[in-house]
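Spelled out, the chains give:
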Amino acid sequence: MLISDHLKMHTPNLVDANIEKISALFPNCITETKDENGDLKKVVDFDLLKQELSQVLVEGEQERYRLDWVGKKEAILTANAPIAKTLRPCREESVNFDKTENLFIEGDNLEALKLLQENYLGKVKMIYIDPPYNTGNDFIYEDDFAESTNVFFEKSNQIDEEGNRLIANTESNGRFHSDWLSMMYSRLKLARNLLKDDGVLFLSINNYEVSNCQKICNEIFGEKNFIECITWNKRIPKNDKGIGNIHEFVLIYAKNSEIKQEFTMRKDGLEDIYSLLTDLKKNNTPLLEAEKQIKKLYKKNAYDRGITLYNSLNKEYKLWGKINMSWPNANTFGPRYEVLHPKTKKAVKIPERGWRWKKETFNEAAQYINGEYSSIEELHDGSFLCGRIWFSKDENIQPSSVTFLDDVNYFLLRSIQSLKSDGGIEVENIFGGKNYFSYPKPTSLLKILINSINCDNEIILDFFAGSSTTAHAIIELNSEDNKKRKFIMVQLPEKTPTDSLANQNGFFDLAQISRERIKRVGEKYININTLDVGFRSLKIDSTNMKDVYYTPDALKQADMLDLASNIKDDRTSEDLLFQVMLDWGLELSLPIERKNIAGKEVFYVAGNSLVACFDDLTFDVVDEVAKDHPLRFVSAEKAIHLDHDKTNIKERFKQLSRDTEVKFI
């Protein structure tokens, strides 16, 4: 069997992938038929498959429990059909393009989800979306439903104007609910594929479509994976049909609820404390002065003992408090053993009723190993921290155990949330008193949701990014807890009205405002070197390849002279690199290094995971690249002068780096 040395340069056909999965489980249910071109293709014999899956056959129009609407089948077809689109890098609109691990994708989110299917399959920990609410006034995506996969693919490849458009989904529309459900169904179906096995979806919705939204999520995720519907109360009520409506909802679904995880949240009243800690750390405030400011805040807000106990800071600006080490029971006695002071090396005072812990537990907490304290931090008042044990200046005062506020500030996520902050005011503060978005979500809501799951060094996706509240919340959270969450934002460049405040201030589409918010938030934390406040901006566009790349059989003799290259004339080498990364399933945030080898531009992605050269390819370049033994190497047909050179290049790699996979576009 011949294996093509060309990359396919389009998104996967999910129907074909699903057929292969069924074939692996039920090979007897796979047969062949001819497509519209007369070629044989695999198809599923659904009658046989039904028999395999049911003791009582469900068929035809027999009544059953399900949610149906006009356009549901087309929504499934739309989700599965491939597209010949790509993501083009935009350095001038990015921040720290070469090093950041965050992405901002401008374009239709259905196309974005298709483009991310191979690169981020099973890699996203959390998805948050705040879709249009279908109130009768909102705009929704009108998808271009196709009669067949081939027709859809042909359109997406050749007709750039086709695709998804925003329409006003008014209540007078005969398909008012159907259009909205179809729009949501196809996107949620693709989004689920991106979640990790322990991944979670948070979906903001209001009362107009919450019931239908839960039904389609039950169908896509499985009813058993429904976790909870959170009700959150807004700061300002809305006059809704004669009722002061102050609440909205967040549906929570797990990819697999059998993977047990707890959803937790911070105790009430801690937001101001952590906000102050962030500022103190950012300004390198001396610890003694920082502790005074913390105690001042405690007094101002009248916190109870459960919080004011934690009034000391370590060098990382983490609050901690002392817990008495004496035996707590008045009628019995605890163990008595010698504990040496870390500085004086003399035995400390033993509590009258003995120690609370046994010796092994104490030594482990104090990091006391082989007669030495492995970690000793001297505090500004002359006392010492050894692991989780506090010692006074000398041995005359008994030590205490140490508990950090971070260890006790969480309990189970509550299903009702009342928020003080307002998303509109937050946007106004960022843009100098101007609010360019209607009803943006407050960062406090996003922080609660993100913090509710174990989400360090994980990817968070928001494909209805809006004003990028999600990215804002992630940056702030990372600055507070030193975690390394990464984001992928997707936003359509919906035009702002010419008479709008945004348009008059130079923001001509929503994606532009969304990016600008991330930039301005990041500037507040630019002095924290370990914090990634950048993003790699990418835009969805038609494929880099000319039509003949996908339909070579349609090439006419008269077209030959125009085909010196199968790559569009306006595309750069970096454009080609990102489409190759998409095609090869590599994460789009991987580090990229440019090298000059024998006078040619060569890209190295994630070390030697992928090496690409789209300049005229010489054997000098091949020989140098082969020394690095890349996993993959790609070049372009236009970079090779003679047909037999392609064969010679592949043979050269076999000799010098035999495990390198070589492809051409």
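All of these numbers come straight from a predicted model, not from anything done at the bench.

J.: Explanation requested: the overall build of the protein chain in the structure shown.
T.: The helix and strand inventory of the protein chain stands at 21 helices and 29 strands. For the protein chain, buried positions account for 51% of its 665 residues. Contacts in the protein chain between residues at least 24 apart in sequence constitute 69% of all its contacts with a sequence separation of at least 6. A total of about 33,100 Å² of accessible surface is found on the protein chain, and carbon and sulfur atoms cover 48% of it.

J.: Mind showing me how you'd approach the confidence of the model for the protein chain here?
T.: Detailed reading of predicted coordinates is not advised where the pLDDT is low. Across the protein chain, the average pLDDT comes to 86, with 88% of residues at 70 or higher. Low pLDDT (under 50) marks residues 158-164, which in the prediction has 15 contacts with non-local residues, meaning those over four places away or in another chain.

J.: What is the right way to look at the packing of helix H14 (residues 443-451) against helix H15 (residues 469-481) in this model?
T.: Helix packing geometry: the angle between the two helix axes and the distance between the axes. Contact geometry of H14 with H15 gives a least axis separation of 9 Å together with a crossing angle of 60°. As H14 packs across H15, the resulting crossing turns out to be right-handed. The segment H14 lies against H15, with Thr443, Leu446, Lys447, Ile450 and Asn451 engaging Thr469, Thr470, His472, Ala473, Ile474, Glu476, Leu477, Glu480 and Asp481. Here the contact of H14 with H15 is composed, by residue class, of 5 nonpolar, 5 polar and 4 charged.

J.: Looking at this structure, I do not really get the sheet that holds strand E28 (residues 632-635). What am I missing?
T.: Hydrogen bonds between backbone groups are what pair the strands of a sheet, and the pairing can be parallel or antiparallel. The strand order across the open sheet formed by 5 strands is E25-E26-E27-E28-E29, and the pairing between neighbours is mixed. Lying at the two open borders of the sheet, with one neighbouring strand each, are strand E25 (592-597) and strand E29 (661-664). For this sheet, the mean angle separating the axes of adjacent strands, direction not counted, is 20°. As defined by bridge partners, strand E27 (residues 610-612) adjoins E28 across 2 bridges and the pair is classed as parallel. Each bridged residue has a counterpart across the sheet, and for Ala612 the counterpart in E28 is Val634. Running at roughly 35° to strand E26 (residues 600-605), helix H19 (residues 573-584) makes contact with E25, E26, E27, E28 and E29 of the sheet. Sitting on the sheet, helix H21 (residues 643-656) is in contact with E28 and E29, with an inclination near 160° to E29.

J.: Quick question: what am I supposed to make of the nonpolar core here?
T.: The nonpolar side chains of soluble globular proteins are, as a tendency, buried together. Judged by nonpolar contacts, the single largest core of 73 residues is most densely connected at Leu203, Leu588, Phe614 and Ile665. The element that contributes the greatest number of residues to this core is helix H6 (residues 176-194), accounting for 9 residues. Judged by nonpolar contacts, the second largest core, of 45 residues, contains Tyr436, Leu449, Phe487 and Phe535.

J.: Hey, could you run me through unusual backbone geometry in this one?
T.: The general pattern is negative phi for most residues beyond glycine and trans for most peptide bonds. Residue Asn457 is not a glycine yet carries a positive backbone phi of 55°. Among the structural elements, Asn457 can be located in the loop between H14 and strand E22 (459-462). With a relative accessible area of 44%, Asn457 lands in the partly exposed category. In this structure, Ala598 is a non-glycine residue whose phi angle is positive, near 55°. Looking at where Ala598 falls in the secondary structure, it is placed in the loop between E25 and E26. Residue Ala598 is classed as partly exposed on the basis of its relative accessible area of 48%.

J.: Explain the side chain of Thr543 here, please?
T.: Summarising the element assignment, Thr543 is placed in the loop between strand E24 (536-542) and helix H18 (547-550). Within the structure, Thr543 has its side chain in polar contact with the backbone nitrogen of Met545 (distance 3.1 Å). Reaching out from Thr543, the side chain makes a polar contact with the side chain of Gln579 at a distance of 3.2 Å.

J.: It is not clear to me how the sheet that holds strand E16 (residues 377-378) should be interpreted in this structure. Could you clarify?
T.: The antiparallel open sheet is built from 6 strands, whose spatial order is E12-E13-E19-E18-E17-E16. Of all the strands in the sheet, just strand E12 (312-313) and E16 have a single pairing partner and so form its edges. With 2 bridges connecting them, strand E18 (residues 389-391) and strand E19 (residues 400-404) associate as antiparallel partners. By the bridge assignment, Ile389 is partnered in E19 with Ser401.

J.: Mind showing me how you'd approach the packing of aromatic side chains here?
T.: Where two aromatic rings form a pair, the distance of their centres and the angle of their planes describe that pair. The final tally for this structure, using the stated rule, is 17 aromatic pairs. On the numbers, 4.9 Å between centres and 35° between planes, the contact of Phe633 with Phe653 is tilted. With a gap of 20 residues between them, Phe633 in strand E28 and Phe653 in helix H21 connect regions that are remote in the sequence. With relative accessibility at 0%, the residue Phe633 sits in the buried group. Here the aromatic cluster, defined as three or more aromatic residues joined through ring pairs, consists of Phe221, Phe226 and Tyr253. Above the ring of Phe333, the side-chain terminus of Arg353 is found at 4.1 Å from the ring centroid. The residue whose ring lies beneath Arg536 is Phe97, and the NZ or CZ to ring-centre distance is 4.7 Å.

J.: Looking at this model, I keep getting lost on empty space enclosed by the protein. Mind explaining?
T.: Space left empty within the atom packing is revealed by a probe, the size of a water molecule, rolled over the atoms. Applying the stated criterion to the full structure yields 4 cavities of 30 Å³ or more. Roughly 80 Å³ of volume is contained in the second largest cavity. Taken together, Met9, His10, Thr11, Pro12, Lys85, Lys114, Leu115, Glu118, Gln579, Leu582 and Asp583 make up the lining of the second largest cavity. Looking at the lining of the second largest cavity, the elements that each hand over two or more residues are helix H4 (109-115) and H19.

J.: Hey, could you run me through the packing of helix H8 (residues 271-282) against helix H9 (residues 287-301) in this one?
T.: Contact pair H8 / H9: the axes reach a minimum separation of 11 Å and the direction vectors enclose 160°. Of the possible angle classes, the one that applies to H8 and H9 is roughly antiparallel. Regarding H8 and H9, the two cross each other, and that crossing is right-handed. Here H8 contributes Asp272, Ile273, Leu276, Leu277 and Leu280 to the contact with H9, which in turn contributes Ala290, Gln293, Ile294, Leu297, Tyr298 and Asn301.

J.: Can you walk me through the pattern of salt bridges in this structure?
T.: Pairing is possible between side chains that carry opposite charge, provided their charged atoms lie close to one another. Within the structure shown, the criterion is met by 37 salt bridges. A salt bridge links Glu248 to Lys441; its shortest N-O distance comes to 3.4 Å. You can see Glu248 sitting in strand E10 (residues 243-254) and its partner Lys441 sitting in the loop between helix H13 (423-430) and H14, a full 193 residues away along the chain. The salt bridge involving Asp406 is made with Lys318; its shortest N-O contact spans 3.2 Å. Of the two residues, Asp406 is situated in helix H12 (residues 405-408) and Lys318 in the loop between E12 and strand E13 (319-324); the sequence distance between them amounts to 88 residues. Overlapping salt bridges, with partners in common, bring together Arg88, Asp541, Asp570, Arg571 and Asp575 in one network.

J.: Explain the pairing of E24 here, please?
T.: In terms of residue burial, E24 counts as a mostly covered element, since 5 of its 7 residues are buried. For strand E3 (residues 85-89) and E24, the ladder comprises 5 bridges, and the chain directions are antiparallel. For Pro89, the partnering residue across the bridge sits in E24 and is Leu538.

About the cut-offs
- Residues numbered from 1 in each chain as written.
- Predicted model: local features only at pLDDT ≥ 70, side-chain atom pairs only at ≥ 80, totals over all residues.
- Heavy atoms only, no water.
- Helix = DSSP H or I, 4+ residues; strand = E, 2+ residues; numbered from the N terminus.
- Buried < 20%, exposed > 50% of the residue type's maximum accessible area, 1.4 Å probe, protein only.
- Contact = heavy atoms within 4.5 Å.
- Areas by Shrake-Rupley, 256 points an atom, 1.4 Å probe, with all protein chains shown as cover.
- pLDDT = per-residue confidence, 0-100.
- Axes fitted to C-alpha atoms, helices over the stretch in contact; angles between N-to-C directions.
- Left-handed = near helix turned anticlockwise from the far one by under 90°.
- Nonpolar A, V, L, I, M, F, W, Y, C, P; charged D, E, K, R; others polar.
- Pairing = 2+ DSSP bridges.
- Core = buried A, V, L, I, M, F, W, Y, C linked by side-chain atoms within 4.5 Å.
- Polar contact = N/O pair within 3.5 Å; in protein donor to acceptor, adjacent residues only side chain to side chain.
- Phe/Tyr/Trp six-rings, centres within 6.5 Å; stacked < 30°, edge-to-face > 60°.
- Lys NZ or Arg CZ within 6 Å of the ring centre and 35° of its normal.
- 1 Å grid on protein atoms, 1.4 Å probe; cavity = no way out; pocket = protein on both sides within 12 Å on 5 of 7 lines; lining within 4 Å.
- Points joined across faces, edges and corners; volume = space filled by probe spheres on them.
- Parallel < 35°, antiparallel > 145°, perpendicular 65-115°, else oblique.
- Salt bridge = Lys/Arg side-chain N within 4 Å of Asp/Glu carboxyl O.

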